[in-house]
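For reference, the chains in residue letters:
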There are 2 protein chains.
Amino acid sequence: MKIKDGLVTAVFAGTLAATTNAHAADALPSWNEGQAKQSVVAFVERVTAQGSPDFVPESERIATFDNDGTLWSEQPIYFQLAFALDRVKALAPQHPEWKDKEPFSSLLRGDLKAALAGGKPAVFEIIVATHAGMTSEEFAGVVHTWIATAKHPKTGRLYSEMAYQPMLELLAYLRANGFKTFIVSGGGIEFMRVFAEEVYGIPPEQVIGSSGRLKFEIRDGKPVLVKLPEVDFIDNEADKPVAIQKHIGRRPIAAFGNSDGDLQMLQWTTAASGARFGLIVHHTDAEREWAYDRQSSIGLLDKALDEAEANGWTVVDMKDDWNTIFPNLHKVEP
Amino acid sequence: MKIKDGLVTAVFAGTLAATTNAHAADALPSWNEGQAKQSVVAFVERVTAQGSPDFVPESERIATFDNDGTLWSEQPIYFQLAFALDRVKALAPQHPEWKDKEPFSSLLRGDLKAALAGGKPAVFEIIVATHAGMTSEEFAGVVHTWIATAKHPKTGRLYSEMAYQPMLELLAYLRANGFKTFIVSGGGIEFMRVFAEEVYGIPPEQVIGSSGRLKFEIRDGKPVLVKLPEVDFIDNEADKPVAIQKHIGRRPIAAFGNSDGDLQMLQWTTAASGARFGLIVHHTDAEREWAYDRQSSIGLLDKALDEAEANGWTVVDMKDDWNTIFPNLHKVEP
C-alpha cells in the first residue's frame, strides 16, 4: 500500500539520515536544542556505548509508543472515531433503521455531541457497527481506502500526514541505534496495522492495540477470520503493561506517551533496574496543533504529568521543543 | 540465560553456516536428500529469487512453527506437563492439604495415570497450582531453573537438548534467507519464552502460545504483573489462525506442525494466493524418537495427514528424512 508519495519519502528520508548518522544529534532536526532533545540523545548513547555500564544488547532495546497524541494528533476527536463516523455515513443506505435509532440518527444529522451523549455504550455501538461483521481482510481494505483519502477538517491534511515529524525522526533514530519500536495504543490493532508500516516504519507484528474477538471459519471452501461484535481487549492504563507482556514478553527500556492512559506503561518501563527512559509529549501549542492537559476529555494528562516530575521522565513542551510539528509536504517533492 | 554451552554452540554454528550459505542445500546437513528437503529448498529459492513471479519481500516472509512435536519432542508427556509435575512435588511441603486432594494426591504417590483420570479439569488444577499466584518474573525464574537442570526420563538429556537438530537447521536457514520465524504453540507463552531465544533463536516477541490472565499491580511501590488463576487464551486448532492475526497481523507464507492441532494454521497459511508452504512432521521413528499418529492421545495426527495429501503439504518421515534427530552433544565440544 502507498498512502501518498510525499509522506513516504519524508519518512524514509528520515530513516536514511538516521542510519548514516546513528550517533549524530542531527538525526533529530525537528527537535530544538534543549533538555528534551539532550535527554533522548544521552539515553541512546548510554545504552549503545560498548563497555558502558548501562550498555543494553540490541535484542533488549525495546521502545514502546502510544499512538494517539504521541505519534499523531488526536483532536478534535480520535482519528479512529472520525473513521467510524465516516463509515456510519457510508453504510447508512444499507441501514434504513438507523434513521430512528440512536446514536446513529444524531450522527447522520451531523450532531456528534448528541450522538456521544450516550457515553461508552454509544461509542461501543458505533464501533461494533463499523468494525465487526466482516472478515479481517475486508476491514483492512475499508481502512486502507479511508486513510488514503479522508482529510482532517481543520488542517485539510490526510490523517496520516498528521503524524509528528519529530516523532518520525525519533523512531528512525532509535531503530538506527538497534532499537525495536512498538506501538502500544488504546486504538484498534487492526485499524493501525493498515498504515503503521508505511507511516511509522512499524510492521504489523509490532503494533499492539485494542481488539475485538475473531473467529476462524471456512467460507466457500476458503478459511477466513471473522470480526465478531465482542470486545477482546482494551489496551489502556493498567492493561498496557499487560499487553506489553502478552505481545512482547520483555520489559521495554524506553516508553513514550502523552496521557494518563500511558501512566502504567511508563511506570512499568522505568521502574526496573538499568538505564530506563520515559517521555511524555505535552500538548502546549494551540497555534500549530492543540493545547490541552489536565482538563481535557481527550488525552487527559494529569497524574502522569505529576509523576513525570517525581520520576525524572522527560516532558516535551511541543511549542518550545519542536520546531516542526507535521511533515513539510512541500519540502519533500522530488 | 545460558542453558548449556554445548547446545548454544550447536544452534549458533547452524546459524552461521546458514548465513554464509544462504542458498546452499548444505545449510540442512541433518536432512537426507529426498523430496522433503527438496521441497523446502525449492520453496525458499522461489520466494527469495529477485525477479521471480513468486518473490516475496522480506517483511512478508513470515514462518510459523508449532513447538511440541514439531520443534522438540512431546513424549511420553508434554514437557510442560513434566515441568508442572516436578513443580507439584517441589511445592508439596507448602501444601499439606494436597495429600488428600486429587489430582495432587495421586501425583505425589507417583501415579500419573490416576492423577490425569480427572481429564481436563485435573490438568487445569495442576496448571493453576503451578503457573499462577506469582509474578511473571518469579515464574520465569522457576522455569529457568527447571529447564537448566531437569532431565528427560528416557533419554537422560536436558529437555532443551531434545529440540530436533533438523528443525534447528531449518529455522536458521529460513532466517538466513530473510524469514522472520515465530512459534505458534498450544504450550504456555510464558513457559516457552524463557528458553526459546537460546534454544531456537526466537526472541520472546515472536513466541505465541496459550496464556493465563495477567494483572498489573503496585506492590511495595514497585509495579508487577501477577499471574491470575484464569485462562486467557488457548492457542490450538481454530484459534491458531486467530492468534496469528492477533500477534502478527499478517498471514504466514510457511507453516510447520505435526498434529491436528496445527490443521487450521496450515489451512490459513496455505490457502492464500502466491507461493505458500505447509509441512507436517510425521513421527515414524520408534527407535530414535517415537512413532505415533492417528491413534495417539498426544500429538494426534489424523485429519491433517489426510489434508496434507490433498493440499500438497510436505510430510516429513522422521525415520527416512532425518539422519540426525537430536543435537549431537559430543560433536559440538570445542
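As annotated in an unreviewed UniProt entry, chain A carries the name phosphoserine phosphatase and comes from Mesorhizobium tianshanense. Quoted verbatim from the Cofactor (unreviewed entry) field of the UniProt record, the comment on chain A reads "Mg(2+)". UniProt, in the comment section headed Pathway (unreviewed entry), describes chain A in these words: "Amino-acid biosynthesis; L-serine biosynthesis; L-serine from 3-phospho-D-glycerate: step 3/3."

K.L.:
Could you clarify how one ought to interpret the overall build of chain A in this entry?
P.N.:
Looking only at helices and strands, one finds 14 helices and eight strands in chain A. The C-alpha radius of gyration of chain A comes to 20 Å, within 12% of the 20 Å expected for a compact globule of 334 residues. Out of the 334 residues in chain A, the part that is buried amounts to 57%. Of the contacts formed within chain A by residues at least 6 apart in sequence, a portion of 67% connects residues at least 24 apart. Treating the 33 positive side-chain charges of chain A as one cloud and the 45 negative ones as another, the clouds have centres 3 Å apart.

K.L.:
How should I be thinking about the pattern of salt bridges in this particular structure?
P.N.:
Opposite charge on two side chains permits pairing when their charged atoms draw close. On inspection of all chains with the given rule, the structure shows 35 salt bridges over all chains. A salt bridge links Glu125(A) to Lys101(A), with the nearest nitrogen and oxygen atoms 3.7 Å apart. Within this pair, whereas Glu125(A) is found in helix 6 (residues 119-131), its partner Lys101(A) is found in the loop between helix 3 (79-91) and helix 4 (104-108), the two being separated by 24 residues in sequence. Glu125(A) gets classed as partly exposed once you look at its relative accessible area, which sits at 32%. Here Lys101(A) falls in the partly exposed class, since its relative accessible area comes to 37%. Several salt bridges converge on common partners, so that one network encompasses Glu197(A), Glu205(A), Lys180(B) and Arg250(B).

K.L.:
Sorry, what's going on with the interface of chain A and chain B here?
P.N.:
Reports of interface size often rely on the accessible area that becomes lost once the parts have come together. Across the contact, 36 residues belong to chain A and 37 residues belong to chain B. Together, Glu205(A), Phe216(A) and Lys246(A) form the three largest contributors to the area buried by chain A at its contact with chain B, with a combined 21%. The interface formed by chain A and chain B contains nine salt bridges. The salt bridge involving Glu205(B) is made with Lys180(A); its shortest N-O contact spans 2.7 Å.

K.L.:
Got a minute to help me understand the packing of helix 11 (residues 239-247) of chain A against helix 12 (residues 263-270) of chain A in this structure?
P.N.:
For any two helices packed against each other, one specifies the inter-axial angle together with the distance between the axes. Residues and elements named next belong to chain A. Remark: helix 11 packs on helix 12, axes separated minimally by 7 Å, with the N-to-C direction vectors making an angle of 55°. On the basis of the axis angle, helix 11 is oblique to helix 12. Residues Lys240, Pro241 and Ile244 of helix 11 lie in contact with helix 12, whose contacting residues are Gln264, Met265 and Trp268. Classifying every residue of the contact of helix 11 with helix 12 gives four nonpolar, one polar and one charged.

K.L.:
What am I meant to see in the domain arrangement of chain A here?
P.N.:
Residue and element names in this part refer to chain A. Taken domain by domain, chain A comprises domain 1 (5-74 + 164-321) and domain 2 (79-149). The C-alpha centroid of domain 2 is placed 27 Å from the C-alpha centroid of domain 1. Contact residues are listed per partner, giving 18 residues for domain 1 and 17 residues for domain 2. Surface buried jointly by domain 1 and domain 2 totals about 1,400 Å² across both partners, of which 73% is contributed by carbon and sulfur atoms. On the domain 1 side of the interface with domain 2, the three residues burying the most area are Phe191, Val194 and Lys227, jointly 44% of the side's total.

K.L.:
Help me out: how do you make sense of unusual backbone geometry in this one?
P.N.:
Glycine aside, residues mostly have negative phi, and peptide bonds are mostly found in the trans state. With an omega of 0°, the peptide bond between Glu102(A) and Pro103(A) qualifies as cis. Notably, Glu237(A) is not glycine yet its phi reads approximately 50°, a positive angle. Given a relative accessible area of 43%, Glu237(A) falls into the partly exposed group. In this model, Asp220(B) sits at a positive phi of 50°, which is unusual for a non-glycine residue. Looking at the element boundaries, Asp220(B) is found in the loop between strand 3 (207-219) and strand 4 (222-233).

K.L.:
Help me out: how do you make sense of the relation of the copies chain A and chain B in this one?
P.N.:
Two chain copies here: they are related by a rotation about an axis and a translation along the same axis. In screw terms, the move from chain A to chain B is a rotation of 180° and a rise of 0.0 Å along the axis, fitting with an RMSD of 0.0 Å. Both copies of the chain, as the preceding transformation shows, are related through a two-fold rotation axis. By C-alpha distance to the rotation axis, the residue of chain A lying nearest is His247(A), at 3.2 Å.

K.L.:
Can you help me understand the side chain of Ser106(B) in this one?
P.N.:
Structurally, Ser106(B) can be placed in helix 4 (residues 104-108). If near-sequence neighbours (up to four positions away) are discounted, Ser106(B) is found in contact with Asp111(B), Ala114(B) and Ala115(B).

K.L.:
What should I look at first to understand helix 8 (residues 165-176) of chain B in this one?
P.N.:
Because the α-helix completes a turn every 3.6 residues, residues three or four places apart line up on one side. Residue and element names in this part refer to chain B. With 12 residues, helix 8 should reach 16 Å at 1.5 Å per residue; the first-to-last C-alpha distance of 17 Å fits that figure. A large share of helix 8 lies buried, amounting to 10 of its 12 residues. Taken together, the buried positions of helix 8 are occupied by Gln165, Pro166, Met167, Leu168, Glu169, Leu170, Leu171, Ala172, Tyr173 and Leu174. One or two residues past the end of helix 8 sits Gly178, with phi positive at roughly 85°.

K.L.:
Mind showing me how you'd approach the pairing of strand 4 of chain B here?
P.N.:
Side-chain direction in a regular strand flips from residue to residue, so the side chains alternate between the two faces of the sheet. Residues and elements named next belong to chain B. Bridge analysis of strand 3 against strand 4 gives eight bridges, and the strand direction is antiparallel. Bridge pairing in strand 4 links Glu217 to Val224. Here strand 3 folds back onto strand 4 in antiparallel fashion, the turn holding two residues, of which Asp220 has a positive phi close to 50°.

Conventions we followed
- Residues numbered from 1 in each chain as written.
- Chains lettered and ligands numbered in written order.
- Predicted model: local features only at pLDDT ≥ 70, side-chain atom pairs only at ≥ 80, totals over all residues.
- Heavy atoms only, no water.
- UniProt positions renumbered as here; feature names shortened; annotations may be inferred.
- Helix = DSSP H or I, 4+ residues; strand = E, 2+ residues; numbered from the N terminus.
- Rg over C-alpha atoms; globule rule 2.2 N^0.38 Å.
- Buried < 20%, exposed > 50% of the residue type's maximum accessible area, 1.4 Å probe, protein only.
- Contact = heavy atoms within 4.5 Å.
- Lys, Arg positive; Asp, Glu negative; His and termini not counted.
- Charge placed at Lys NZ, Arg CZ, Asp CG, Glu CD.
- Salt bridge = Lys/Arg side-chain N within 4 Å of Asp/Glu carboxyl O.
- Buried area = accessible area lost by both parts, 1.4 Å probe.
- Axes fitted to C-alpha atoms, helices over the stretch in contact; angles between N-to-C directions.
- Parallel < 35°, antiparallel > 145°, perpendicular 65-115°, else oblique.
- Nonpolar A, V, L, I, M, F, W, Y, C, P; charged D, E, K, R; others polar.
- Domains from an automatic or database assignment.
- Least-squares fit on C-alpha atoms with pLDDT ≥ 70 in both.
- Expected span 1.5 Å × (residues − 1).
- Pairing = 2+ DSSP bridges.

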